[in-house]
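# Notes for the structure review
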Amino acid sequence: MSDLYLNYKGTLFPNMSTSVEDLAFVENEFQVLDDDIFNVTYPKSGTTWMIDILSLILKNGDPTWNKTVPNWDRAPWVETLGFAQKLKLCKEHPRLFTSHLPRHIFMKTFEDSKAKESRGVVLYTRLSYTPEYTVIYTIRDPKDTAVSLYYFSKMSAFYKDMESIDDCLKDYLFGNIPYGSWFNHVKGWMKMMGKDNFMFHTYEDLQRDLRGSVIKICTFLGKELDDKEIDSVVGNVSFKNMKENNMSNFTLLPTGYMDHEKSPFMRKGIVGDWKNHFTVTQNEYFDKIYKAEMQDFSVKFPWDTSINQ
Ligand code: PPS
C-alpha cells in the first residue's frame, strides 16, 4: 500500500484528505437530519457537477452562492479532515453534503434516520414523515471514470501517480485505490434503489439531457422552479461555465494539492473518452472483469451495450 493512503475497514483513503479519526467520527457520531441532502458518488463520476446543480436548485437558480462560495463549503465532503468542526458551521437548511464513501462504511446514524422504508411500502409514513434525508447517487461509465482518475492521479497530490493506463487498470479494477472498487461502490449504494429517499442517475443522463435531468432532480427534491430558474441552473452548470468558475474548478487550492498545469480538474467533460485511451486488449480485459462483477446485477446502464458480449 502506498504511504499516501490509509486503510479504514478494508478501504483505502488518501492520507492528505482524511484520517482514521475523521472517518470514525463520520461513521459513528455524525447525526444525520431528516432534511439533509447527500450527493454521493464514486470519485470522478460527476461529483462537482452535481454539487453545482444542487446548490443552484436550492437557491432557485440564483448563481450568487455558486459564484462566491467554494464547492467544498457549499456541500462539504463528509469524509474530509476536520469535518466535525466544519459541521458546526453548517447553519443553512437543508444541509447539503458530498461523499465518496462506500455504502458499508457510511454513517451509522443514517440507518436510524426516519423513513428507512419506501413510502410505497410503508404507506403511513406518507403522513407521519416529511421531510426525510435524501441521497442522490450519480454513476458514470467506469471506463471513463478510470481515465478521469488516471489524469487526476497526475495533477492531485492526494493520489499516487498512475504512470500508465495499464497501471491504472491494475489497481482500479480490483479496488486497490482510494474509496475501493467501483463495482462494490455501485452495488452497495444501489441497494437503496426503490426507496423514496434515493435517486440515482448517470453522468451520461446529464450529458444527454441536462435540462430534463435538472427537472427530475427538482421534482425529487420537491423544489418548484419556473422555466427561467431552470434555465439559470442549466446555463450555470455547463462545462464551460464551471471551468471558468474558480468556486467550482478547484483552482483556489494551492498547487501543492492540485496542479492544473499537469492536467486541469475540469479536463474534457465528455462521454466515451476511454476510446481514446484503451487498447483493444485493455478494453477486452475490462469487459471481462465488468461482466464477471456485474453478472447478477439487474439494473442496466447506458454503457452496458458497449460491453463486449
Ligand atoms: S471528484 O474529484 O471525484 O470530485 O471528481 P468529479 O467531479 O466526480 O469528476 C470530475 C469529472 O467530471 C467532469 N465534469 C463535468 N463534465 C461535464 N460537464 C460539467 N459541468 C462537468 N463538471 C465536471 C470533469 O471534467 C471530470 O471528468 P474528465 O473526464 O476528467 O474531464
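Anything mentioned here points back to the structure above.
The paragraphs below set out a description of the structure included in this document. All figures in this text were calculated on a predicted structure; none of them were measured in a lab.

### Observations regarding the site of the ligand
In the neighbourhood of the ligand, 23 residues make up the surrounding shell, with Thr47, Thr48, Ser148, Tyr203 and Lys268 lying closest. Between the ligand and Ser45 there is a distance of 3.0 Å, counted from an oxygen atom to a backbone nitrogen or oxygen. A distance of 2.9 Å is found between a nitrogen atom of the ligand and a backbone nitrogen or oxygen belonging to Val237. In the complex, 97% of the free accessible area of the ligand, which totals 640 Å², lies under the protein chains. Among the elements of the structure, helix H2 (47-58), helix H8 (142-155), helix H11 (203-208) and helix H14 (239-244) are those that each provide at least two residues to the shell around the ligand. Among the elements that make up the shell around the ligand, the one with the highest residue count is H2 (three residues). For the shell around the ligand, a count of residues per class yields 10 nonpolar, nine polar and four charged.

### Some points on the sheet that holds strand E6 (residues 198-202)
Strands sit in the order E4-E3-E5-E6 across an open sheet of four strands; the sheet is parallel. Two strands close off the open sheet at either side, each with one partner strand: strand E4 (96-99) and E6. Going from strand to strand, the sheet's axes swing by 20 degrees on average, the running direction of each strand aside. Here strand E3 (residues 37-41) runs beside strand E5 (residues 134-139); their pairing, made up of five bridges, is parallel.

### Comments concerning the pattern of salt bridges
By the definition in use, this model includes 14 salt bridges. Across the pair Arg95 and Asp36 runs a salt bridge, and its minimum N-O distance is 2.8 Å. Separated by 59 residues along the polypeptide, Arg95 in the loop between helix H5 (83-88) and E4 and Asp36 in the loop between helix H1 (20-28) and E3 bring together distant segments of the chain. Across the pair, exposure class does not vary: Arg95 and Asp36 are buried alike. Its salt-bridge partner being Lys170, residue Asp167 comes within 3.5 Å of it at the nearest N-O pair. With a gap of three residues between them, Asp167 and Lys170 both fall in helix H9 (residues 165-172), about one helical turn apart. Among the charged side chains, a salt-bridge network with shared partners connects Arg267, Lys268 and Asp273.

What counts, and where the lines are drawn
Residues numbered from 1 in each chain as written. Predicted model: local features only at pLDDT ≥ 70, side-chain atom pairs only at ≥ 80, totals over all residues. Heavy atoms only, no water. Near = heavy atom within 4 Å. Polar contact = N/O pair within 3.5 Å; in protein donor to acceptor, adjacent residues only side chain to side chain. Areas by Shrake-Rupley, 256 points an atom, 1.4 Å probe, with all protein chains shown as cover. Helix = DSSP H or I, 4+ residues; strand = E, 2+ residues; numbered from the N terminus. Nonpolar A, V, L, I, M, F, W, Y, C, P; charged D, E, K, R; others polar. Pairing = 2+ DSSP bridges. Axes fitted to C-alpha atoms, helices over the stretch in contact; angles between N-to-C directions. Salt bridge = Lys/Arg side-chain N within 4 Å of Asp/Glu carboxyl O. Buried < 20%, exposed > 50% of the residue type's maximum accessible area, 1.4 Å probe, protein only.

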